[in-house]
Amino acid sequence: MWQAVIERFERYAPASVMARLALQHALPAHWTNDVFETHRQRQYPRELLFSSIVELMTLVTLGMRPSLHAAARQHGGLPVSLAALYDKVNRSEPAVLRGLVSGSAQRLMPVVAELGGPVSLAGWQLRIVDGNHLAASDKRLKVLRGHRGAALPGHSLVVYDPDAGLVCDMVACEDAYESERVGVLPLIERAHSGQLWIADRHFCTHTILDSLARTGAHFLVREHAKHPRVGQRGGWSEPKRSDTGAVREQTIAVEGIHVPPTRGGKKAAQSSAPDSPPAQTAGPAQQTGTWRRIQITLDSPTEAGEHTIGLWTNLPMTVDAATLAQLYRKRWRIEHMFQRLESVLNSEIKSLGHPRAALLGFAVAVLAYNVLSLLQRAVEHAHRPQTPELEVSTYHLAVQVNIGYEGLLIAVPAEHWPSAANQDPKTLAQTLLRLAKRISPKQVATSKRGPKTCRPKGYVDARVASAHVS
């Protein structure tokens, strides 16, 4: 009987079945509790397991419940009171959130690899890093009721893989005023050879670039106007054309950086395993090293009125300047990811004013985004022979998931559902492709919009627009 019910959902709500299989593989209950035990410092499980909290928060981020309070009241089998639930959520430790995001991405990465996809730069793993500040929340905390400004619950530093479409690492910062240049350092510690890290000019500092060079990784960072200081500059090369303008490059000498004894090129990066540990280097720790500076003279100025853009990189000369100029444009993909988290998923829950609770909601939204990204890739791959130009909308795909997901949970109990927690990645990918073929491309395709028109913004007093409390 249960198999017949599952087959009916596979026919009429395939996206919901795909989401449940992917969530079970990315976040099985026993694995989630093991991550909590591994990374916890002061918290401990007694009656309420951490996997139950993640399950409730997932319903909120997917839009199936308006708030954590509503999700808990409709759960029915919650073993603790609502006050105990919120106390547990308000004490979510940042180390646990990082282990949850990075661990689930590692579980989904083999499934994404089975589905395949284009590679931005052959032989290199791209990593885009950027920060995201959570929006001001409601004044639910007693200490904020005497302040006029809203509360800033914190921010996070995120590492995004544009080729796989997954967020592979995250650091949660409780202090909204903590510098992103300091918060990004724990993320850099996991960088290794064969990776290319792309970042905005805010991260163009001596400490960050030197830390990346020490791990054996490479970087492509937009130039900052004031730092780091350059010792010597080489001559400019002949300018070449790119899609956005003229590109030329020069060598620059920077003092006090780590220089490995041998410089690896593309061949060395291809020989290194994707998850191999950082390469061990020997030799002097601090000396003068040579990097490359790319200058792009734009055909059309940016929104800020800039006509030239400078890029710094330690990539070998085998990767030409025009390729690097085109590659840096992929940095905007992380901005699109943040936009999807805000518009498609409920990543910024206004009712959670405590920093740790708000960061937990954002981390679970990142997990849900990774699952949707996997489903999006599966649908595009399944319909590629018939519609090669299909672009799946994350919003419309989330709508298809929500249509039958709750009914699926009610109709098929967990004990009668085929577990996908320890399923082989190849088998799971084939199952997702089989279900994706039953989704109509017209229901999930993106809707192209026309060009934006410039409209002047109305006047708002600066004291009103910037009022906030951390």
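A. Geometry of the overall build of the chain. Counting secondary structure elements, the chain contains 18 helices and 12 strands. Here the chain has a C-alpha radius of gyration of 24 Å; the compact-globule value for 470 residues is 23 Å, and the two agree. A principal-axis box enclosing the C-alpha atoms of the chain has dimensions of 75 × 60 × 55 Å. Long-range contacts, defined here as pairs at least 24 residues apart, represent 73% of the contacts in the chain between residues at least 6 apart. Accessible surface, the chain: about 23,500 Å² in total, of which carbon and sulfur atoms supply 51%.

B. Up close: a nonpolar patch on the surface. A surface patch of nonpolar side chains, amounting to about 300 Å² of accessible area, comprises Y395, V399 and I403. Secondary-structure assignment places Y395 in helix 15 (residues 394-411). Since its relative accessible area comes to 47%, Y395 is described here as partly exposed.

C. Focus on the side chain of S373. Along the chain, the position of S373 falls in helix 14 (residues 355-382). What makes S373 buried here is its relative accessible area of 8%.

D. Structural detail: the pairing of strand 5 (residues 195-199). Counting buried positions over the 5 residues of strand 5 gives 5, a clear majority of the element. The two faces of strand 5 match: Q195, W197 and A199 on one face and L196 and I198 on the other face are all buried. Relative to strand 6 (residues 218-222), strand 5 runs parallel, the two sharing 4 bridges. Bridging from a neighbouring strand, A199 pairs with V221 of strand 6. Following the backbone out of strand 5, through helix 10 (residues 206-215) and into the adjacent parallel strand 6, one traces a crossover that is right-handed.

E. Quick peek at the packing of aromatic side chains. Counted under the stated rule, the structure contains 3 aromatic pairs. Consider the rings of F36 and F50, whose centres lie 5.2 Å apart with planes at 20°: the pair is stacked. Taken together, the residues span a long stretch of sequence, with F36 in helix 3 (residues 29-39) and F50 in helix 4 (residues 50-61) at a distance of 14 residues. Comparing F36 with F50, the two get one shared label, buried. For the pair F219 and W291, a centre-to-centre distance of 5.0 Å together with 80° between the ring planes defines the contact as edge-to-face. Of this pair, F219 sits in strand 6 while W291 sits in strand 10 (residues 287-298), and the two are 72 residues apart along the sequence. Taken as a pair, F219 and W291 share a single burial class, namely buried. Connected via pairs of aromatic rings, a cluster forms that spans F219, W291 and W312. Residue placement shows R20 over the ring face of W417; its charged tip is 4.4 Å from the ring centre. Directly above the ring of W332 sits R331, whose terminal nitrogen or CZ lies 5.1 Å from the centroid.

F. Region of interest: the nonpolar core. Membership of the largest hydrophobic core comes to 113 residues, with the highest contact counts inside it found for M18, L85, M170, M337, L341 and L375. A total of 19 residues in this core trace back to one element, the largest contributor, which is helix 14. Formed by 26 residues, the second largest nonpolar core is a distinct cluster that contains A199, F203, C204 and I252.

G. Fine view of the packing of helix 14 against helix 16 (residues 425-436). As a packed pair, helix 14 and helix 16 sit with axes 8 Å apart at the nearest point and diverge in direction by 65°. Here helix 14 runs over helix 16; the crossing is right-handed. Contacts from L374, L375, A378, V379, H381 and A382 of helix 14 reach helix 16 at L432, L433 and A436. For the contact of helix 14 with helix 16, the residue count by class is 8 nonpolar, 1 polar and no charged.

H. Main features of the pairing of strand 4 (residues 166-173). Of all 8 residues that make up strand 4, 8 are buried, and the element is covered over most of its length. Bridge count between strand 3 (residues 155-161) and strand 4: 7 bridges; the pairing is antiparallel. Bridge pairing in strand 4 links L157 to V171. Where strand 3 hands over to strand 4, the hairpin turn is made up of 4 residues, of which G165 adopts a positive phi near 75°.

How each quantity is defined
- Residues numbered from 1 in each chain as written.
- Predicted model: local features only at pLDDT ≥ 70, side-chain atom pairs only at ≥ 80, totals over all residues.
- Heavy atoms only, no water.
- Helix = DSSP H or I, 4+ residues; strand = E, 2+ residues; numbered from the N terminus.
- Rg over C-alpha atoms; globule rule 2.2 N^0.38 Å.
- Contact = heavy atoms within 4.5 Å.
- Areas by Shrake-Rupley, 256 points an atom, 1.4 Å probe, with all protein chains shown as cover.
- Patch = residues over 30% accessible without salt bridge, like charges linked within 9 Å, V, L, I, M, F, W, Y side chains within 5 Å.
- Salt bridge = Lys/Arg side-chain N within 4 Å of Asp/Glu carboxyl O.
- Buried < 20%, exposed > 50% of the residue type's maximum accessible area, 1.4 Å probe, protein only.
- Pairing = 2+ DSSP bridges.
- Right-handed = clockwise from strand over helix to strand, strands pointing away.
- Phe/Tyr/Trp six-rings, centres within 6.5 Å; stacked < 30°, edge-to-face > 60°.
- Lys NZ or Arg CZ within 6 Å of the ring centre and 35° of its normal.
- Core = buried A, V, L, I, M, F, W, Y, C linked by side-chain atoms within 4.5 Å.
- Axes fitted to C-alpha atoms, helices over the stretch in contact; angles between N-to-C directions.
- Left-handed = near helix turned anticlockwise from the far one by under 90°.
- Nonpolar A, V, L, I, M, F, W, Y, C, P; charged D, E, K, R; others polar.

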